[in-house]
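Architecture at a glance
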Amino acid sequence: MSNPTSNPTQPQSDDEAKAHPPVEHSLLRKSGPDEMLLAIYQKVEKKLPGRLQNRLNDTIGSEVALEMAGSDSLVFTDWHAAQETDSVYLQFQFGVSATPIWVRVSRLFLTACVDCFFGGNFDGETCATGHLTRSERNMIDRLAKAIGDGLSDAWSVVQEIKINFAGFVHDKDDFELELDDPHVLLGSARVALSGHAIEAMDFIQPIDGLVSIEPQLHRPLSRETGAIDPSWQKSLKESMDQVYMPVRSVLARPTMELSQLSSLSVGDILPVSPTDNVPLIIGDRVFAHGCIGEQNGGVAFQIKHFL
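For clarity, every value in this text was computed on a predicted model and none was experimentally measured. (Residues numbered from 1 in each chain as written. Predicted model: local features only at pLDDT ≥ 70, side-chain atom pairs only at ≥ 80, totals over all residues. Heavy atoms only, no water.)

This part takes up the pattern of salt bridges. Overall, the coordinates contain 7 salt bridges when judged by the stated rule. Here Arg55 and Asp149 are joined by a salt bridge, their closest N and O atoms 3.5 Å apart. Taken together, the positions of Arg55 in helix α2 (residues 35–60) and Asp149 in helix α5 (residues 134–155) put the pair 94 residues apart, joining distant regions of the chain. With a closest N to O distance of 2.4 Å, Arg190 and Glu199 form a salt bridge. Since its relative accessible area comes to 44%, Arg190 is described here as partly exposed. (Salt bridge = Lys/Arg side-chain N within 4 Å of Asp/Glu carboxyl O. Helix = DSSP H or I, 4+ residues; strand = E, 2+ residues; numbered from the N terminus. Buried < 20%, exposed > 50% of the residue type's maximum accessible area, 1.4 Å probe, protein only.)

See below:
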């Protein structure tokens, strides 16, 4: 979890350190050039509670009320060191980013979900301890599906990004992140279940993950602007230009009796009527008409008109 440093065998002088100050991503400064990226993430956070609440209702089989506070930027190691309550930590693959999203689910909320799923009522206090039970592990899979779908739904308001569950850890010490930028955006979700409020989940979005997908997030969305993304259009054209299609010209289509066909031998001549309306066929479709001629000593096809 330490930040990359320069070669320890070649320490920087004070002058070199001043000439090359540490890189600080501007996402952490609202006036920086990446303010758009922060605004995009805030759109996602605004949509997440409603999308996730619907998913949790279906998963638990009980009415859930969910409120989510806006994210604060903090150093991951500071937050990690402060975790004292029993929790499970769910890892989600974030589109093409190598840096995952993590979601902390409190053991109290996990116990409540199991109770409600099996038709009971959560009393607001009773919490399982020790090793995870089979029911809790099954519930983790169900919650992970709901959370992953909720995150994907929320991100769809700005970009189609698939978010998939990649596993979980129970021991806090097994929850580690190797980050270039030590900061994360942390949003907390409070859930009301069976009339009791629970500090249920924390959503940990590393700055590294947002930065890695920044180029695709800054592309315009055709469904919002009604315009075609020029980068996508250019890429599509370049891809289509490389597609090979079978092209053939048919000089004649004579018909013969089966007896004539079976008697053909080497050297036989089939009469072909002269024509200046030879079809040029691509795939199964006639693309143009033309005539057969000669060019540079070889047979050539000259297009006369397109269809």
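Taken as a whole, this structure holds 1 cavity of 30 Å³ or more when the rule is applied. Its volume calculated, the largest cavity comes out at about 80 Å³. For the largest cavity, the full set of lining residues is Tyr41, Val44, Glu45, Leu48, Met68, Ile101, Leu151, Trp155, Phe203, Ile204 and Gln205. For the lining of the largest cavity, the element with the highest residue contribution is α2, accounting for 4 residues. Looking at the lining of the largest cavity residue by residue, the classes come out as 9 nonpolar, 1 polar and 1 charged. (1 Å grid on protein atoms, 1.4 Å probe; cavity = no way out; pocket = protein on both sides within 12 Å on 5 of 7 lines; lining within 4 Å. Points joined across faces, edges and corners; volume = space filled by probe spheres on them. Nonpolar A, V, L, I, M, F, W, Y, C, P; charged D, E, K, R; others polar.)

With that out of the way, let us pick up the pairing of strand β6 (residues 183–193). Bridging between strand β1 (residues 64–68) and β6 involves 5 bridges; their strand directions are antiparallel. Bridging across to β6, Glu67 finds its partner in Arg190. As defined by bridge partners, strand β2 (residues 72–75) adjoins β6 across 4 bridges and the pair is classed as antiparallel. Note on β6: the bridge partner recorded for Ser73 is Leu185. Alignment of β6 against strand β7 (residues 196–206), held across 10 bridges, turns out to be antiparallel. By the bridge assignment for β7, Val191 is matched with Ile198. (Pairing = 2+ DSSP bridges.)

Of all 11 residues making up helix α4 (residues 107–117), 8 are buried, and the element is well covered by its neighbours. Looking one or two places after α4, you find Gly119, whose phi comes out positive at around 90°.

Most often, soluble globular proteins keep nonpolar side chains buried together rather than apart. Ranked by internal contacts, the top residues of the largest apolar core, which has 51 residues, are Phe109, Ile147, Trp155, Met201 and Phe203. Within the second largest apolar cluster, 11 residues are counted, among which are Phe175, Leu179, Val184 and Ile204. (Core = buried A, V, L, I, M, F, W, Y, C linked by side-chain atoms within 4.5 Å.)

Another point: a negative patch on the surface. Together, Asp171, Asp173, Asp174, Glu176 and Glu178 give the surface a local cluster of negative charge. On the basis of relative accessibility, which here comes to 60%, the residue Glu178 falls in the exposed class. (Patch = residues over 30% accessible without salt bridge, like charges linked within 9 Å, V, L, I, M, F, W, Y side chains within 5 Å. Areas by Shrake-Rupley, 256 points an atom, 1.4 Å probe, with all protein chains shown as cover. Lys, Arg positive; Asp, Glu negative; His and termini not counted. Charge placed at Lys NZ, Arg CZ, Asp CG, Glu CD.)

Sheet strands pair by backbone hydrogen bonding; their relative direction is either parallel or antiparallel. Taken together, 4 strands build an open sheet; the order of strands is β8-β9-β10-β11 and the sheet is antiparallel. One side of each edge strand has no neighbouring strand; the edge strands of this open sheet are β8 (247–249) and β11 (298–306). Direction aside, the axes of adjacent strands within the sheet are offset by 40° on average. For β8 and strand β9 (residues 278–282), the ladder comprises 3 bridges, and the chain directions are antiparallel. Its bridge partner being in β9, Ser249 is matched across the sheet by Leu280. (Axes fitted to C-alpha atoms, helices over the stretch in contact; angles between N-to-C directions.)

Here the focus is the environment of Gly70. Looking at the element boundaries, Gly70 is found in the loop between β1 and β2. Its relative accessible area of 53% is what places Gly70 among the exposed residues. The spatial distance from the C-alpha of Gly70 to the C-alpha of Leu186 is 8.1 Å, given a sequence separation of 116 residues. With near-sequence residues (within four places) excluded, Gly70 lies in contact with Glu45 and Leu186. (Contact = heavy atoms within 4.5 Å.)

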